[in-house]
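# What the coordinates show
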Amino acid sequence: MTLIIVILLLLGYVVIATGHTTGVNKSAIAIFIGTVGWVVYICYGTDFVMQRHAQDYWEFLAGSLPSSEAVKYYIYNNVFLYYVGRAASIVMFLLATMSIVEILHNNGCFDFVTKWIRTRNSKRLLWTITLATFILSANLDNLTTATMMLVIMHSIVQNRRQRMLIGAAIVIAANCGGCLTVIGDPTTLVLWGDEAITATNYSSYLALPALLAWIVPTILINRELPERLDTQWAPMPFRGDDTNLLPWQRVVMLFVGIGGLWFIPTFHTITKLSPFLGALCVLSILWVVNEVMNRKLNSADQMMQRLTPRSVQYGSLQQILFVMGIMLAMGVVTETGVFGDVAEWIDDTVHSVWVLGIVSGFLSGIVDSFTIAMSDISLYQIADAALVGSYDENFVINGAYWKIIAFCTAVGGCLLSVGSVSGLALMKMEHMRLGWYIKNLTLKVLAGMLVGLAVLWIELNYV
């Protein structure tokens with residue numbers, strides 16, 4: 001059964017990696033391997049439970065005789081629900097942040113970006129829109145932010161090649177900005193939720209590497225753009241009525257949304273409750289403010305999309321299902337003990353978290369950044385802080401391993417356009433071929449990744 005579960009996971013990797021050619025949605029594959037994996041696991045649950053949870057299982061029986069029904073109840077209550085809760089906390093956080101972005105965007109709170117980039121100068125437009133993407137991705141959801149910026153750019157730049165270059169720069173900025181903070185990317189959310197990293201320590205180490213990983217390829221992309229871009233400026237979007245929010249109202253909503261998310265690390269530190277609870281609280285407050293600000297339009301049919309975030313209706317549900325499926329799949333493989341065996345083999349043969357990080361970065365570009373990151377996170381448990389001075393110190397709280405994996409998988413996901421969901425969105429939006437991306441952008445991303453990794457190495461070893 002262990003072999004079947006592992007083969008199922010590996011086949012899932014292959015199908016996810018080739019989804020852009022087969023047309024199979026990777027969210028469907030993630031959900032399939034996550035659900036079927038647990039079905040296979042529970043069919044031979046007694047063997048797995050006796051191998052990894054024997055003492056807890058005997059305590060659960062409380063003197064009664066073991067049976068197939070008893071072991072299934074034990075797996076459901078003591079094993080399966082743990083991984084469901086772990087995945088659900090990330091999914092709920094993503095749902096909340098995606099909804100916050102939608103509410104702010106629907107009310108024109110990001111229209112200032114369109115005003116800032118109102119120019120035909122390629123340098124000013126490129127750096128302004130990627131800077132905005134980098135900052136917003138660090139504070140909001142990087143996928144939703146990247147998609148929003150790609151839509152803005154698509155409506156402005158008329159030349160297709162120019163759109164592909166600028167779009168790639170937006171995707172790079174979104175992924176680099178997302179890995180800068182613990183709330184900007186699903187991978188860092190998992191690490192933070194598992195208490196492998198703390199918010200301040202993580203961001204202080206990743207600030208400079210993430211900036212360089214964004215700046216270096218953006219400089220190289222800028223050199224391929226003409227001095228003047230072929231642009232067309234449409235009027236500001238019509239939002240369902242001729243009544244738009246006043247500037248001060250948009251500022252208030254922006255402050256409630258982003259300011260509330262900034263407070264979540266403090267909320268988690270004080271209450272020790274899951275970060276998704278703080279995100280849902282921010283969403284609820286922003287939703288109420290949204291209805292109060294738009295009370296004059298509440299009776300209009302056009303207001304429906306402004307009152308109800310589209311991410312709640314459909315928009316980003318595929319990404320949410322993908323995250324849920326991958327986390328469930330990693331959970332069932334962890335329970336087989338395979339990840340522990342793989343980690344021992346890596347320690348004996350490679351014995352370097354840097355080599356593992358670089359390899360993970362390349363695999364992220366081929367398969368998917370979150371899938372590879374979750375595989376890496378599942379390999380090791382958080383080590384005891386008393387192990388400082390040995391190789392295992394890389395895996396303590398705020399250890400080097402967690403930072404290296406978060407950085408390499410986030411930036412490595414941009415090596416190929418199929419390595420991240422935002423990259424796939426760019427391919428679909430601009431009908432971009434993978435070969436064109438490899439020829440024009442892969443080496444630029446690799447340069448930024450290596451420079452950022454070198455700075456991270458200096459920080460972890462000498463700072």
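### Here's the deal with the state of the cysteines
By definition, a disulfide links the sulfur atoms of two cysteine residues through a covalent bond. Scanning the entire structure with this criterion turns up zero disulfides. Free cysteine C176: the closest other cysteine sulfur is in C179, separated by 5.7 Å. For C176, a relative accessible area of 0% gives the class buried. In this structure C414 is a free cysteine whose sulfur lies 6.0 Å from that of C176, the closest cysteine sulfur available.

### Examining the packing of helix α6 (residues 68-106) against helix α13 (residues 247-271)
Two packed helices can be described by the angle between their axes and the distance between those axes. Running from N to C, α6 and α13 cross one another at 160°; their axes reach a closest spacing of 9 Å. Comparing the axis directions of α6 and α13 gives the class roughly antiparallel. In this structure, α6 meets α13 at a crossing whose hand is left-handed. Of the residues in α13, those in contact with F93, T97, I100, I103 and L104 of α6 are M253, L254, G257, L261 and I264. Counted by class, the contact of α6 with α13 contains eight nonpolar, two polar and no charged residues.

### Topic: the environment of G184
Here G184 lies in the loop between α10 (160-178) and α11 (186-193). C-alpha of G184 to C-alpha of D141: the two residues are 43 residues apart in sequence and 5.5 Å apart in space. Excluding anything up to four places from it in sequence, G184 contacts S137, A138, L140, D141, N142 and G178.

### What to know about unusual backbone geometry
One non-glycine residue, K272, adopts positive backbone phi at about 65°. Within the secondary structure, K272 is located in the loop between α13 and α14 (275-293). Here H351, not a glycine, exhibits a phi torsion of approximately 55°, which is positive. Within the fold, H351 resides in the loop between α18 (338-349) and α19 (353-366). Residue class for H351 comes out partly exposed when judged on its relative accessible area of 45%.

### Some remarks on the side chain of S417
Looking at the element boundaries, S417 is found in the loop between α21 (400-412) and α22 (421-430). Under the relative-accessibility criterion, S417 is labelled buried at 2%. When neighbours within four sequence positions are excluded, S417 is seen to be in contact with G423, L424, M427, M432, L434 and Y437.

### As for the environment of S364
Residue placement: S364 occurs in helix α19. In this structure the C-alpha to C-alpha distance between S364 and V411, which are 47 residues apart in sequence, comes to 8.5 Å. Residues within four places of S364 in sequence aside, it is in contact with S369, I372, T409, G412, G413 and G419. Here the side chain of S364 touches S360 through a polar contact of 2.8 Å, landing on its backbone oxygen.

### With respect to the confidence of the model for the protein
When pLDDT is low, close inspection of the predicted coordinates is not appropriate. Per-residue pLDDT for the protein averages 85, and the proportion of residues at 70 or more is 92%. Low pLDDT, under 50, characterises residues 238-243; the stretch is placed with 11 contacts to residues that sit more than four places away or in other chains. Note on residues 301-313: pLDDT is under 50 here. Beyond four places in sequence and across chains, it has 36 contacts.

### Things to note about the pattern of salt bridges
Scanning the entire structure with this criterion turns up six salt bridges. A salt bridge links E224 to K444, with the nearest nitrogen and oxygen atoms 2.6 Å apart. Residue E224 is located in the loop between α12 (199-222) and α13, and its partner K444 is located in helix α23 (residues 434-462); the two are separated by 220 residues in the primary sequence. Salt bridges sharing partners connect three or more residues here, namely R161, E224 and K444.

### Concerning the packing of aromatic side chains
Inspection of every chain in the model, using the stated rule, returns 18 aromatic pairs. Where W38 meets Y41, the ring centres are 5.2 Å apart and the plane angle is 70°; that geometry is what we call edge-to-face. With W38 and Y41 both in helix α3 (residues 26-43) and three residues apart, this pair spans about one turn of that helix. Across this residue pair, the class does not change: W38 and Y41 are buried. Residue classification places W38 among the buried positions, given a relative accessible area of 7%. Over the ring of F322 we find K26, and its NZ or CZ is 4.7 Å from the ring centre.

### Here's the deal with the packing of helix α8 (residues 122-139) against α12
Look at α8 against α12: their axes get within 11 Å of each other, and the N-to-C directions meet at 155°. Judged by the inter-axis angle, α8 sits roughly antiparallel to α12. Read as a crossing pair, α8 and α12 show a hand that is right-handed. Contacts between α8 and α12 involve S122, K123, L126, W127, T130, L131 and F134 on the former and, on the latter, A210, L211, W214, I215, T218, I219, I221 and N222. The residue inventory of the contact of α8 with α12, partitioned by class, reads 10 nonpolar, four polar and one charged.

How each quantity is defined
Within any chain, residue numbers begin from 1 and follow the written order of that chain's sequence. Where totals are concerned, whole chains, interfaces and linings use all residues; where local detail is concerned, this predicted model gives features only for residues with pLDDT of at least 70, and gives and counts side-chain atom pairs only at 80 or more. Excluding hydrogens and water, the side-chain figures rest on all heavy atoms present in the structure. Note on terminology: disulfide denotes any pair of cysteine sulfur atoms within 2.5 Å. Residue exposure (1.4 Å probe, protein chains only): buried if accessible area is under 20% of the type maximum, exposed if over 50%, otherwise partly exposed. Fitted lines through C-alpha atoms serve as axes, helices being fitted only where they are in contact, and the angles separating the N-to-C directions of these axes extend from 0 to 180 degrees. Here a helix means four or more residues in a row that DSSP labels H or I, a strand means two or more in a row labelled E, and each is numbered from the N terminus. To sort the angles, those under 35 degrees are grouped as roughly parallel, those over 145 as roughly antiparallel, those from 65 to 115 as roughly perpendicular, and the leftovers as oblique. Two helices cross in a left-handed way if the nearer one is turned anticlockwise from the farther one by less than a right angle. They cross in a right-handed way if the turn is clockwise. Between two residues, a contact is recorded if the distance between any of their heavy atoms is within 4.5 Å. Here the term charged refers only to Asp, Glu, Lys and Arg, the term nonpolar to Ala, Val, Leu, Ile, Met, Phe, Trp, Tyr, Cys and Pro, and the term polar to all other amino acids, Gly among them. Whenever two N or O atoms come within 3.5 Å, that pair is a polar contact, provided that in protein one can donate a hydrogen and the other can accept it, and provided that, for residues adjacent in sequence, both atoms are side-chain atoms. Per-residue confidence from the prediction method is given by pLDDT, with values spanning 0 to 100. What counts as a salt bridge is simple: a side-chain nitrogen of Lys or Arg found within 4 Å of a carboxyl oxygen of Asp or Glu. Only centres within 6.5 Å qualify two rings of Phe, Tyr or Trp (six-membered ring in Trp) as a pair; their planes then separate them into stacked at under 30 degrees, edge-to-face at over 60, and tilted for everything else. Geometrically, a lysine NZ or arginine CZ counts as sitting over a ring once it is within 6 Å of the ring centre and also within 35 degrees of the ring normal.

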